[in-house]
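This is what each chain is made of:
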Amino acid sequence: MAGPGIQPNQTANTVKTIEWTPEGIRLIDQRLLPLREEYLLCRTYHEVAEAIRSMAVRGAPAIGVTAAMGIALGVRQSQATDRDALKAEFRQITETLAATRPTAVNLFWAIRRMSELFDGLMKKKASIATVRTKLEQEAQRILEEDIAANKALGGHGASLIPNGKTVMTHCNAGALATAGYGTALGVIRSAIAGGKNVDVLSLETRPFLQGARLTAWELQKDGIPTTLISDSMAGHFLHSGRIGCVVVGADRIAANGDVANKIGTYSVAVLAKENGVPFYVAAPLSTLDLDIASGESIPIEQRAASEVTSIQGVRIAPEGIAVFNPAFDVTPHSYVSAIITERGVVRAPYLESLQKLKNQQ
Ligand code: MRU
């Protein structure tokens, strides 16, 4: 039985990454894949924040959807009996969720969307019961819109995928990274659904191994022919002539088309350009941050050294070694052949094409 005002996610036709249940938010625990397929139930908004921080749920759109649900959950559980107390608690909930991961703009986009709704309801002096119901409905709408956006962008991007060639991808921009279907992997799914003969080369994506653990698992589960290679093999295969294009997702796209995505993306983009291979970025409009002029202003998350010094809990580097672990890099727009969104495909000059796209109704 669903909670008030919200129905369980019935729309995803791939893996169910995020689901609202009467007991809390149910997430497939991406830290355990592919060895164990287990689900994590977040019963409070604090548990939701921890799931995002620890990357039990990850991927820009999935983080946004989960945060929206975390807000709805926090408000549902609030003990506030008057609107002022609820306002204070709402601020605390959104601040806790906003402090989890800094780079994916979808997190802040979802928090802003939920906050605007909340503020409007407060202005109208809606009852606390109404506020709860409306926030739950909005979170569910965000989830459903994300799946629809992925399917739409998949359809637009499919025409860019060359038939009979290999598509290279980095990290996991699939159903696991979204509410369902995926962005980069959505484009690949759509190309295959449209009859193209495509196989995938998945880069392992050190240090967190999203490619080896998640993309390999997700595509194998769908029966999409996939071969795993280590990150250091990217240049070799991009030079080989068998790669038709690269398709990746994004965590934040600046007004000039600079793209923040998983660490290592920039290297792949440079190698793609050097070898004349098109480099495509697939992302919903919720990943655009047109308020920032260029990638230089995108905050890059720094993660724990242990992610680099250990693999799955096994230490591989000497104790005491200095470590850098930026989780993302920025690919300058000059390397991006096109950006694929739910409203269509745009190309350079991005300053104009992205703004035009955003202004379209
Ligand atoms: O650190 P992660 O795993 O959250 O990073 C994910 C990525 O960089 C993805 O490519 C991006 O979020 C797009 S997901 C559709």
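Only a predicted model underlies this, so the values are computations on that prediction, with no experimental measurement involved. (Residues numbered from 1 in each chain as written. Predicted model: local features only at pLDDT ≥ 70, side-chain atom pairs only at ≥ 80, totals over all residues. Heavy atoms only, no water.)

1. Some thoughts on the domain arrangement of the protein
In step 1: What the domain assignment reports for the protein is domain 1 (8-149) and domain 2 (155-359).
In step 2: Placing the centre of domain 1 and that of domain 2 at their C-alpha centroids yields a distance of 25 Å.
In step 3: When the two sides are added together, the surface that domain 1 and domain 2 hide from each other amounts to roughly 2800 Å², 57% of it contributed by carbon and sulfur.
In step 4: For the interface between domain 1 and domain 2, the tally reads two salt bridges.
In step 5: Taken together, the links from domain 1 to domain 2 amount to 17 residue pairs in polar contact (both at pLDDT 80 or more).
In step 6: Of all the secondary-structure elements, those providing two or more residues to the side of domain 1 that touches domain 2 are helix H2 (60-77), helix H4 (105-123) and helix H5 (128-158).
In step 7: Considered class by class, the residues forming the side of domain 1 that touches domain 2 number 19 nonpolar, nine polar and six charged. (Domains from an automatic or database assignment. Buried area = accessible area lost by both parts, 1.4 Å probe. Salt bridge = Lys/Arg side-chain N within 4 Å of Asp/Glu carboxyl O. Polar contact = N/O pair within 3.5 Å; in protein donor to acceptor, adjacent residues only side chain to side chain. Helix = DSSP H or I, 4+ residues; strand = E, 2+ residues; numbered from the N terminus. Nonpolar A, V, L, I, M, F, W, Y, C, P; charged D, E, K, R; others polar.)

2. Quick look at the site of the ligand
In step 1: Arg 58, Arg 101, Asp 251, Asn 261 and Lys 262 are the nearest of the 19 residues found near the ligand.
In step 2: With respect to the ligand, the backbone of Ala 60 contributes an N or O atom lying 2.8 Å from an oxygen atom.
In step 3: Taking Asn 261, its side chain carries an N or O atom lying 2.6 Å from an oxygen atom of the ligand.
In step 4: Relative to its unbound accessible area of 420 Å², the ligand is 100% covered by the protein chains.
In step 5: Of all the secondary structure elements, the ones that give two or more residues to the shell around the ligand are H2 and strand E9 (259-262).
In step 6: Partitioned by chemical class, the residues of the shell around the ligand number eight nonpolar, seven polar and four charged. (Near = heavy atom within 4 Å. Areas by Shrake-Rupley, 256 points an atom, 1.4 Å probe, with all protein chains shown as cover.)

3. Concerning the side chain of Thr 66
In step 1: Looking at where Thr 66 falls in the secondary structure, it is placed in helix H2.
In step 2: Given a relative accessible area of 0%, Thr 66 falls into the buried group.
In step 3: Apart from the residues within four sequence positions on either side, Thr 66 is in contact with Ile 18, Leu 27, Val 48, Ile 52 and Val 57. (Buried < 20%, exposed > 50% of the residue type's maximum accessible area, 1.4 Å probe, protein only. Contact = heavy atoms within 4.5 Å.)

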